Structure formats: C-alpha cells, structure tokens
Amino acid sequence: MTIKLEAHRIGLEYGDPESDGRLVALNDVSLSIHENEFVSIVGPSGCGKTTFLSIVDGLIRATAGQILLGGTPVSEPGPDRAVVFQDSSLLPWRTVLGNVVFGLECIGVRPSEARERAAHYIEMVGLRGFENRYSYQLSGGMQQRVNLARALVMDPQILLMDEPFAALDAQTRELMQEELLNIWQASGKTVLFITHQIDEAIFLSDRVIVFSARPGRVKESVDIELDRPRSLKLKRDPRFHAYEDRIWSLIQEEEKPRAKAAG
Ligand SMILES: Nc1ncnc2c1ncn2[C@@H]1O[C@H](COP(=O)(O)OP(=O)(O)OP(=O)(O)O)[C@@H](O)[C@H]1O
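Numbers given for residues are sequential positions, taken from 1 along each chain in its written order. With pLDDT at 70 or above as the cut-off, local features in this predicted model cover only qualifying residues; side-chain atom pairs require 80 or more to be listed or tallied, and sums for whole chains, interfaces and linings still use all residues.

Observations regarding the overall build of the protein
Each helix and strand in the protein was counted, giving seven helices and 10 strands. Atoms considered for the radius of gyration are the C-alpha atoms alone. The globule rule reads 2.2 Å times the number of residues to the power 0.38. Rg of the C-alpha trace for the protein: 19 Å, near the compact-globule value of 18 Å for 263 residues, within the 12% margin. Seen along its three principal axes, the alpha-carbon backbone of the protein occupies a region of about 55 × 45 × 40 Å. Partly exposed residues are those whose C-beta has more than 12 but fewer than 20 other C-beta atoms within 10 Å; with 20 or more the residue is buried, with 12 or fewer it is exposed, and the C-beta atoms are placed from the backbone. Scored against the burial criterion, the 263 residues of the protein give a buried share of 37%. Placing C-beta atoms from the backbone, we regard two residues as in contact once those atoms come within 7 Å. The long-range fraction of contacts in the protein, counting pairs at least 24 apart against all pairs at least 6 apart in sequence, stands at 71%. Every helix listed is a DSSP run of H or I at least four residues long, and every strand listed is a run of E at least two residues long, numbered separately from the N terminus.

So, in structure tokens, the structure goes:
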C-alpha cells in the first residue's frame, strides 16, 4: 500500500493573548494515511482536530515536524489538497455549474473542458438537472454536494473534510454519509475527515484516529473492519455498537480528567 499522507511529529503552539503566553494545541502528532484510505479523526472538543487539518492544508505552519503529501513536504495551500468545510462556501452570484468550474477557470483550464469535467462531478454528486440553480435555491444538503463536486473536480491528491455535515438535520446528515461513501468509492480519493460524531466516523472510515485532550496527539488508531459497501442499517449491527463503545470510552478517558480539573 502506498502512503499518501504522512505527518511526522507535528507540533503547534498558538500565541495566547489571555495569558500572554503560548497555547500548545498539538504535540508530537505522527500518523500516515494510505492511498484511497478513508480516515477520520475524533477527539474531545478543542483537541486540535481543525488545527491539524489546517496544517495539512498548508493554511497553518506547524511549529514542529513535517507533513508529506505524496512524498513532498507541504508548506502552503496547493491544488493537490481540497477542503470541504461545515459552512457552504459557494459563490452566491454563480450557479451550481459556475461554482464547480470556478477553480478550474482559476488554473486556466479551457472553458469547454472545464464544463465537461464539472458535468461529470455534478452527475456524481447527484445534482444533474440543477446546474443552473443558485445557492439560495438549494437545500443545505445540496449545497454540500456542490462543495464536494467543487473539491473533486480539482482532482486533489487528498480530500480534507472538516465537519462537512454538522449543519445538516439528522436525516439529511445520514443520507449524505451514505452518499459520500458512494462518491468516495466512485472517485477513488484519499479522505481525511473530521467529526464530533463517533457513529459518523465509524460508518465512513477504514480507520478512526482518536486524539487525546489538548495538546492533541494520537491516542489510538482503530481499524474499522466492517465490510464494504456499507449501508445505514450497518449502524444497528452489534459489531458497529462495539466500535462505538470502544471509541466512546477512549474519548471519555480524555474528558474525565478535564471535568475533574474544572470542578
Ligand atoms: N487562532 C488561534 N489562536 C489561538 N488559539 C487557537 C486558535 N485556533 C484554535 N485555538 C485553540 O487551539 C485549540 C485547538 O483548537 P481546534 O479548533 O483545532 O480544536 P478542535 O478539536 O477542532 O475543536 P472542536 O472539537 O471544538 O471543533 C483550542 O484550545 C482552541 O481554543
């Protein structure tokens, strides 16, 4: 198996204006993700999940360690990574098609080719027939589908997803999880996914990485040995519940000392 992403002893300190000191968000985070692997990170609130994703994206520079993507060090954002955030970041003055071709236009892809590539991914995310809609005419779930198409059309080496379904209602969220697995299988991408929801992480992933409380580091990496393709009824399987219990316990172990310290 080829390693696509490698984080080697990542550390990150933020300046902390409240204490006039430093806040250590991440400490000695090492992990690797294989090509085509779907990996989620879960952990207590504030453990540095988003910070880690931003370092992989190149938006934040680690204060220690190194990220390698396809063997090349990451130092700034680049087209080899695409991010999908919780909030729809669609351009409101552009249609679905206009949003999906936007990134391709920026890198000088010919308009006819850009439209062709966009049409392929619009179809993949189930939005054929909605190409000429504007974001205000789309539901939250549809907007996240556009965001996904916009990320995939750039053909990144890795797809970074930061709580992409957090703003959706529970039912739409579950449908999007199932849909994302279909899209992931069709696109063959490597995915790094961040979530607060343990069931979402298990359902989607080949592996769930549990971060410790801040400063975040890898507490445990749990292989999810559940067959694919997966459907939502898997969430009622006793093996699924066993994974939920195990990961919940790992997070609780981190939450307890904090709760004690607070009161
Ligand atoms: N720009 C910043 N400046 C200073 N501190 C920051 C900054 N961004 C995040 N932090 C702090 O760093 C720690 C890690 O934050 P981060 O958002 O990465 O955690 P998280 O695990 O994604 O959180 P959550 O689970 O709440 O989404 C937190 O204590 C947060 O308050």
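Having seen the model, we can carry on.
Thoughts on the environment of G71
Tracing the backbone shows G71 in the loop between β4 (64–69) and β5 (72–73). On the basis of neighbour count, G71 is assigned to the exposed category, with 9 C-beta atoms found within 10 Å. Considered as a pair, G71 and E174 are 103 residues apart in the sequence and their alpha carbons are 35 Å apart.

Some details on the confidence of the model for the protein
Looking at the protein as a whole, the pLDDT averages 94, with 98% of positions reaching at least 70. With a pTM of 0.95, the predicted complex shows an ipTM of 0.97. pLDDT measures the predictor's confidence residue by residue and takes values from 0 up to 100.

A word on the packing of helix α2 (residues 96–106) against helix α3 (residues 111–124)
Packed helices, taken two at a time, are described by the angle their axes make and the gap between the axes. Angles shown run from 0 to 180 degrees and are taken between the N-to-C directions of axes, each axis being a line fitted to C-alpha atoms and, for helices, limited to the stretch in contact. It is at 9 Å that the axes of α2 and α3 come closest, and there the two elements cross at 125 degrees. Taken together, the axis directions place α2 and α3 in an arrangement best described as oblique. For the element pair α2 and α3, the recorded crossing hand is right-handed. Contact residues: α2 offers V96, L97, V100, V101, L104 and E105, while α3 offers A114, R115, R117, A118, Y121 and I122. Class assignment of the residues belonging to the contact of α2 with α3 gives a composition of nine nonpolar, no polar and three charged. Each angle receives one of four descriptions, namely roughly parallel if under 35 degrees, roughly antiparallel if over 145, roughly perpendicular if within 65 to 115, and oblique otherwise. Crossings are assigned a handedness: left-handed for a near helix turned anticlockwise from the far helix by less than a right angle, right-handed for a clockwise turn. Each residue is assigned to one of three groups, with Ala, Val, Leu, Ile, Met, Phe, Trp, Tyr, Cys and Pro labelled nonpolar, Asp, Glu, Lys and Arg labelled charged, and all others, Gly among them, labelled polar.

Details of helix α4 (residues 140–152)
Compared with the 18 Å implied by 1.5 Å per residue over 13 residues, the 18 Å span of α4 between its first and last C-alpha is a close match. By the criterion of burial, α4 is predominantly enclosed, with 10 of the 13 residues buried. For α4, the elements touching its buried residues are β6 (81–84), α2, α3, β7 (158–162) and α5 (170–187). What a helix is expected to span follows from its residue count: subtract one and scale by 1.5 Å.

Focus on the environment of L91
If you trace the backbone, L91 turns up in the loop between β6 and α2. When the 12 C-beta atoms within 10 Å are taken as the criterion, L91 is described as exposed. Residues L91 and F102, 11 residues apart in the sequence, show an inter-C-alpha distance of 9.2 Å.

Observations regarding unusual backbone geometry
A cis geometry characterises the amide bond from R214 onward to P215, with omega recorded as 0 degrees. With respect to the element layout, P215 can be found in the loop between β9 (207–211) and β10 (218–223). For the bond running from R228 to P229, omega is -5 degrees, close enough to zero to count as cis. Relative to the helices and strands, P229 resides in the loop between β10 and α7 (238–262). Even without being glycine, R9 reaches a positive phi, approximately 50 degrees. Take R9: it is sitting in strand β1 (residues 3–16). Positive phi outside glycine occurs at D155, with the angle close to 50 degrees.

Quick word on the nonpolar core
Think of a nonpolar core as buried Ala, Val, Leu, Ile, Met, Phe, Trp, Tyr and Cys residues, each tied to the set through C-beta atoms within 7 Å. Grouped together as the largest cluster of nonpolar side chains are 69 residues, with contacts concentrated most on I10, V56, V100, I122, A149, L160 and L192. Excluding residues that lie within four positions of it along the chain, L160 makes contacts with L53, V56, D57, R81, A82, V83 and L192.

A word on the sheet that holds β5
Whether two strands pair depends on DSSP finding at least two bridges between them. Spatial strand order, β2-β1-β4-β5: four strands in an open sheet with antiparallel pairing. If you trace the sheet from one side to the other, it starts and ends with β2 (21–34) and β5, each paired once. Taken together, the 10 bridges between β1 and β2 define a ladder with antiparallel strand orientation. By the bridge assignment, D16 is partnered in β2 with G21. Sheet strands touched by helix α1 (residues 49–57): β1, β2 and β4. Its angle to β1, the strand with the most contacts, is close to 120 degrees.

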